[in-house]
Each structure stands twice: as C-alpha cells, then as structure tokens.
Amino acid sequence: MAESTKPILEISELWVTFPAYRAEAIHALKGIDLRIDQGEFIGLVGESGSGKTTLARAVMGLVPEPGRVERGRVLFNGRDLSRLDDDARRAVLGRELAMVIANPRAELNPVIPVGRQISNVAYYHLGMRRAETDRLALNMLRAVRIPDPELSGGMAQRVAIAMALICSPKLVISDDATSGLDVTVQAQVLDLLQRMVGEKGAAALFITRDIAITAHFCSRIAIIYAGEIVELAETAAFFGRPAHPYSIMLLAAFSHSPALRARWTRVPSDGETATTGGCTFAPRCVRRQNRCVVEAPTLRHLTGGRRVRCHFPVESDTA
C-alpha cells in the first residue's frame, strides 16, 4: 500500500473506557491504530466482547454512556470527528459515513414503507425534492434486488444496505451484518455489499466473528482481541501464514481436524486471568512463556508488511 495514498479513516491510539462499580474501569479499546484507504474492504475479526462494535461506535461518535473516549483521535477524510458539534456530526453520519447493522428489522419502522424509509435518508442528507428521493430510493431497491414486499432476514439486510449507500458515502461500516443469515443468503448479501461499495468508490470496514468469510471479500484483515489489534496483514499473507496464536486459534476452529483444534486451544485454569502489564492473551495461549506474563507485547513488523502483537509470533513454525 502506498503511503502517499490519502486515508479515508485514520484511527490513532484510541482508548475507550467504561466505568465499573467498585472496580477499576474497563478498557474496551486499548490504543487502537488503524488506517483505511479509499477502495479498501478491510475485515475486522474477533470473538464476542473483543471490542469490534465498540470500535465501530467510537468511529461514529456513538459510544454509549457511561462509556467515553479516554484518548486518541479518529480522522475521517482528514477531519477530527471528535471536534465536530452535534449538527456537523449528523451531517457526516449517513451521508459520508454509514453503517449496516446486524439486526436491520429491529431498526426498520414497521408502519412506514421501506421505500419511504430509504428515501428519507436522501431527503435529509442530500436536500433533494421528495419526488427525486423517491425515484432514487426505487433505483436503490432495484439495485439491491428486492423482488417481494415481504421482507425475510436477507431482504431486510438488503434494505439496510440500500439505506446505507443511497447517499454514496465514502466509508461503510458493516457491523456483523450477516451473522443471522444462512450461508447461501449470507454469500449473496456479502457479494451485493462488496459490489455496491465498489461501484460507489467507497471503502468498507467489515466487522465479523466469522474469519472464514473474510478470505473472499476483504483486502486486509485486522484481528482484535480484548480491545487490541493483535494482527494486521494483507488477506493473502494472513491466510498464507498467520502469525499470532489467537489468529491460528480462530482459523483452527473452522478445521475438521480435532487434533489441530486441540493443538492451538488452551483453556485457562480456574481463576487464571491476564496479569497487569502482561499479554492479555497469555492465559489462553499455547505458546506463552514467562515473558508473556510480565511484559505486554507491542505491535511489531514482520516480513511482507504484516504486523503482530506477540513476543513469539509463529513465523517459522508450521501451523
């Protein structure tokens, strides 16, 4: 990737914290650094609770209270979103920066036709006349191939994609948007999302728990664990030689080999947790050593442009 390329999104040292009752605050994100360039389709992969949705909400400026961005910066198209007032932020969200969520039927209004709901997005953000927005909404419904007024889960997700893309945003965030769909519908929706994002000349952050589907749709893969990016690589390099034990554990979970899954899975003993100052993955890591328990690793560079947060990455081993 050329460094001269202007990023659409640049996240620097982002920390998000949630207070805890009679306990230390919970750091949901810990020093996240991530850059997305125009045209990129980046996969963000991690288990439930790893910080994926918190990162999406932080980018949108929608961290739920009592959570807060403790420090760090989010630059969208060169602008610091944290410095925008509410009106300026609303002008950006939906028009230049859009999100597709996991449960669209919970977000759609059942008493308003979906065409009008899509039309409303363009009416608010683009300042077009109602007749023009209705015509644009109809074109978007045709583009996402809605053949029937009865909306299944897959059809509702297509409506959500149409709402997200009607204003031709520069960045689309898909937050586990296909997790509730069957495999066939999931593939159709992902193909549609990838095609339409490409046609709009946008970039995408594709958030998922399913590492396998990122191989077919993403140009780069970022693995997140306990609020930290632990591996970042081009898709071919990542699947050709994953370097972090957590990444290999996620891939092994899809293997048909019980021996491979057992080799890369460690269940922490009762009461075993990550030590303060140590690697957060150490209690679950099959390769941990004494250094991992007392010293937190930094995100280091490997060959091929890969980056990994591990003292002992899997470089020469055969996974």
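The preceding data block contains the structure.
In what follows, the accompanying structure is described. As the structure is a computational prediction, the values presented were derived from the model and not from experiment.

### Comments concerning the pattern of salt bridges
Then step 1. Considering all chains together, one arrives at 14 salt bridges under this definition.
Then step 2. Here Glu-40 ties to Arg-220 by a salt bridge, and the two come within 2.9 Å at their closest N and O atoms. Taken together, the positions of Glu-40 in the loop between β2 (23-37) and β3 (41-45) and Arg-220 in strand β9 (residues 220-225) put the pair 180 residues apart, joining distant regions of the chain.
Then step 3. Glu-40 sits in the buried class, given a relative accessible area of 10%.
Then step 4. A relative accessible area of 8% places Arg-220 in the buried class.
Then step 5. When the shortest N-O distance is used, the salt bridge between Arg-284 and Glu-47 registers 3.0 Å.

### Looking at the sheet that holds strand β5 (residues 79-80)
Then step 1. Strand order in the open sheet made by the four strands is β2-β1-β4-β5, with antiparallel pairing throughout. Two strands bound the open sheet, and with one partner strand each, they are β2 and β5.
Then step 2. Lying on the sheet, helix α1 (residues 52-60) is in contact with β1 (7-20), β2 and β4 (68-76); it crosses β1 at an angle near 115 degrees.

### Comments concerning the layout of surface pockets
Then step 1. As a volume, the largest pocket reaches approximately 760 Å³.
Then step 2. Every residue lining the largest pocket is counted, 24 residues in all, and those nearest its centre are Met-99, Val-100, Ile-101, Glu-107 and Met-163.
Then step 3. Taken together, the elements giving at least two residues each to the lining of the largest pocket come down to α1, β6 (97-100), α3 (104-107), α4 (114-126) and α6 (153-165).
Then step 4. In this structure, the second largest pocket encloses a volume near 470 Å³.
Then step 5. Of all elements in the fold, only β2 and β10 (228-234) reach the threshold of two or more residues within the lining of the second largest pocket.
Then step 6. Looking at the lining of the second largest pocket element by element, the count peaks at five residues for β2.
Then step 7. Residue classes in the lining of the second largest pocket are distributed as eight nonpolar, seven polar and four charged.

The rules behind these values
Residues numbered from 1 in each chain as written. Predicted model: local features only at pLDDT ≥ 70, side-chain atom pairs only at ≥ 80, totals over all residues. Heavy atoms only, no water. Salt bridge = Lys/Arg side-chain N within 4 Å of Asp/Glu carboxyl O. Helix = DSSP H or I, 4+ residues; strand = E, 2+ residues; numbered from the N terminus. Buried < 20%, exposed > 50% of the residue type's maximum accessible area, 1.4 Å probe, protein only. Pairing = 2+ DSSP bridges. Contact = heavy atoms within 4.5 Å. Axes fitted to C-alpha atoms, helices over the stretch in contact; angles between N-to-C directions. 1 Å grid on protein atoms, 1.4 Å probe; cavity = no way out; pocket = protein on both sides within 12 Å on 5 of 7 lines; lining within 4 Å. Points joined across faces, edges and corners; volume = space filled by probe spheres on them. Nonpolar A, V, L, I, M, F, W, Y, C, P; charged D, E, K, R; others polar.

So, to be careful, I would describe these as geometric facts and stop short of saying anything about function.
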